[in-house]
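Chain by chain, the residues:
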Amino acid sequence: MGRGSGELYERVREAADPRAVALYEDALVWDMTMPFAQHYAEYDRTLPRFHAAGVDVISLTIQNMPGADLRTATLYIAHVRAEIARRADRMALCTTMPEVLAAKAAGRLALLLNHQDGSPLGGMTEMVEVYHALGIRAALLAYNAKNGLADGCAERTDEGLTRLGERVVREMCRVGVLVDGTHMGRRSTLEMAALCAEAGRPFVFTHSNAHAVYPHYRNITDEQIRAAAGTGGMVGVNGLGEFLPDVDAGTDAIFRHLDHIVSVAGPRHAGLGLDYLRDEVHFWANVRATASAWPDPPGGGPRVDTRFAQPEQVLELTDRMVCAGWPDDAVRDVLGRNWARVCEAAWAPRGKPA
Amino acid sequence: MSEITVSDAARALTRDALVWDNTMPWGPEYADTDGILPRFHANGVDLISLTVMGPEAGLDGTVRQIARVRAAITARADRMVLCGSADAIEAARAAGRLGLVFNLQETNMLEGRLDMVQLYYDLGVRHMLLAYNARNAVGDGCAERTDGGLSRWGIQVIEEMARVGMWVDGTHTGYRTTMEAMEALGGRPFIFSHCNAHAVYPHYRNIRDDQIKACAASGGVIGLNGLGEFLDDDRATSGSIFHHLDHMVQLVGPRHVGLGLDYVQDAPRFWRWVADNAHMWPAAPSDRAGSAFAQPEQVAELTELMLRAGYGEAVVRDILGGNWLRLARQVWK
């Protein structure tokens, strides 16, 4: 599928089952991950394209690649907030569920902010509340590699959380930042799920596929899927070709993972985390440049530069769900209602620090 | 202190009025949440503006200190609360909680990015001074060798502060830079959060009558400072502070004067820092190194001195805090 705007969506719409179209256009559609580092950020084509393709809510990863320090991350948040504020007629930075729903009702794209690494904390648990005040509503702690908080999913080792990592997870639960296990080591994620359960907060994987479907180190096992679901959390299905695997990132390949997650955890524990980024060439160059965090996929190298799922495929995915006989409620849950429910539970304010 | 007998009327008025101290150094070296804040609160102070960073750190250190101070306040939510608006300040007072806001004593922590003004505002910063004694990218400090005006960047910073709703503060800033800042604001309010009168004592940290007049003409407010060195009084007595206060009131009227006491608990640490930063702290007209800081108990003494001088009750209330509150309502967004 090429680049475009409403025209692309119209083509997909014509090919889809009318029941799927009707359901899709009425549903809340929520994409829990879009890399939005400086190089990928694009406010006037990418975001409107998602909006035109029916996506109502997008969570932007606003940190310039893993390892970004406190200063760099803060400067970038200031920049992104200003860029969004300048487009207040079309998009809104949201930090609560009423704000998300109000943005949708007003025809504005609802934007959330997330971090994909614990590095912006600069080793300070108090920074969790500062980033929360600045709009961060979801975060993972270690991106593929090991850091001072946890192990990443591509590490040589699979150790659990550090002492500081445990404190950060507890603080996220207290403050109301959704705890995300994507990109993280298996043991760290299971420990995070246990800490979240203890705190009465949901634990999620915002953008991860099923290891049982394809054993890539970035995909998660059924045990991890169940651990998230057990906290009232969920898993967002990812549209990056390498993790599917499908060089074209086709909708059928994505559906296989979605269907597996739903078969393991039920339709109340699956959603979307497409991971779309507009410059694939840059992404793959970056992957090669950071080989220690991106070892070869199963079967070894050389790595194939795959595509990323495009926003118009969300309607195709809806079509697959409808044609597979999923009940309307299940389809609506997966498209957005699950994220709404889970985020509301994760964001509800709590009291003072312990 | 304590040479002035405070009448019951002055004590009652201090308790009953909204008392606002617009400057308290609160960097990592000075912040002592349980040692200092309850004492101010017990002496009738309802709102304190904490300087969460001065010239000693950039963005990283500033955001880290903001994180620590926010956490310290949240942990004491039954006693104190970070306020973002005049309404929040009045609500805190009504609930018997100490209200707090943040300020910055420098612009270096913007690190050249205008967007950082809004970010600091969103984290609780309600005023920022342009240059601390020495020159920076915005302009000259008040102790600098030169007295140039605002830079192009400085004009942008001021415009962004006005857009965001953050008070533009001329304390520690060079004379010409403050005058040009007020010109750039074109009638929008400008403050001096913690400055005394140069006409009373010609220290480079004190401000001249035309600065005071221009500030008042903008609708702004000047906070009286309680540091002995700027009062030319080692003991920082209330009488010395009142001289500066009364000079300003006579010059521009009582609607443009408030408090910005600049209290530091660990005075020896402050004086060591001054000695270690001689480029920012050249010699003063008289050597008052090691002098005292006004204590919170002196707020009631100041009330007493104002009443004795014939200031009306409404005027005293304005000076104790009403003027800052009015300006918050006018400027903060």
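See the structure printed just above.
Residues numbered from 1 in each chain as written. Chains lettered and ligands numbered in written order. Predicted model: local features only at pLDDT ≥ 70, side-chain atom pairs only at ≥ 80, totals over all residues. Heavy atoms only, no water.

Some details on unusual backbone geometry
The residue after Leu244 of chain A, namely Pro245 of chain A, is reached through a cis peptide bond having omega -15 degrees. Turning to its location among the elements, Pro245 of chain A is positioned in the loop between strand S8 (235–237) and helix H10 (251–265). Of note, the bond from Gly301 of chain A into Pro302 of chain A is cis; its omega dihedral lies within 30 degrees of zero at -5 degrees. Mapped onto the fold, Pro302 of chain A is located in the loop between helix H11 (280–289) and helix H12 (313–323). Despite not being glycine, His183 of chain A shows a phi value in the positive range, around 70 degrees. Along the polypeptide, His183 of chain A turns up in the loop between strand S6 (178–180) and helix H8 (186–199). You can call His183 of chain A buried: its relative accessible area is 4%. You will see that Asp232 of chain B, though not glycine, has its phi angle at about 60 degrees, which is positive. Along the chain, the position of Asp232 of chain B falls in the loop between helix H9 (228–231) and helix H10 (238–252). Residue classification places Asp232 of chain B among the partly exposed residues on the basis of a relative accessible area of 28%. (Helix = DSSP H or I, 4+ residues; strand = E, 2+ residues; numbered from the N terminus. Buried < 20%, exposed > 50% of the residue type's maximum accessible area, 1.4 Å probe, protein only.)

Examining helix H13 (residues 328–347) of chain A
Between its terminal C-alpha atoms H13 of chain A stretches 27 Å, which fits the 28 Å expected from 20 residues at 1.5 Å a residue. Val334 of chain A marks where H13 of chain A bends most, by close to 65 degrees. (Expected span 1.5 Å × (residues − 1). Bend = angle between axes of the 7 residues up to and from the residue.)

Looking at the side chain of Asn323 of chain B
Residues and elements named next belong to chain B. For Asn323, the location among the structural elements is in helix H13 (residues 313–331). With relative accessibility at 0%, the residue Asn323 sits in the buried group. In terms of polar contacts, Asn323 uses its side chain to reach the backbone carbonyl oxygen of Val257, at 2.8 Å. Other than its neighbours up to four places away in sequence, Asn323 contacts Val221, Pro254, Arg255, His256, Val257 and Asp318. (Polar contact = N/O pair within 3.5 Å; in protein donor to acceptor, adjacent residues only side chain to side chain. Contact = heavy atoms within 4.5 Å.)

Quick notes on the environment of Gly226 of chain B
Residues and elements named next belong to chain B. Among the secondary structure elements, Gly226 is positioned in the loop between strand S7 (222–224) and H9. Along the chain, Gly226 and Ser240 lie 14 residues apart, while their C-alpha atoms are 8.8 Å from each other. The residues touching Gly226, leaving out its near neighbours within four places in the chain, are Leu231, Ala236, Ile241, Gly260, Leu261, Ala292, Phe293 and Ala294.

A few points about the interface of chain B and chain A
With 20 residues of chain B at the interface, the matching set in chain A holds 22 residues. Of the roughly 1,800 Å² buried at the junction of chain B and chain A (both faces included), carbon and sulfur atoms supply 65%. Counting every contact that joins chain B to chain A gives 3 salt bridges. A salt bridge links Arg70 of chain B to Glu129 of chain A, with the shortest nitrogen-to-oxygen separation between them at 2.6 Å. The interface formed by chain B and chain A holds 5 residue pairs in polar contact (both at pLDDT 80 or more) in total. Elements represented by at least two residues in the side of chain B that touches chain A include exactly helix H3 (59–74) and helix H5 (115–122) of chain B. Here the side of chain B that touches chain A takes 9 residues from H3 of chain B, the largest share from any one element. (Buried area = accessible area lost by both parts, 1.4 Å probe. Salt bridge = Lys/Arg side-chain N within 4 Å of Asp/Glu carboxyl O.)

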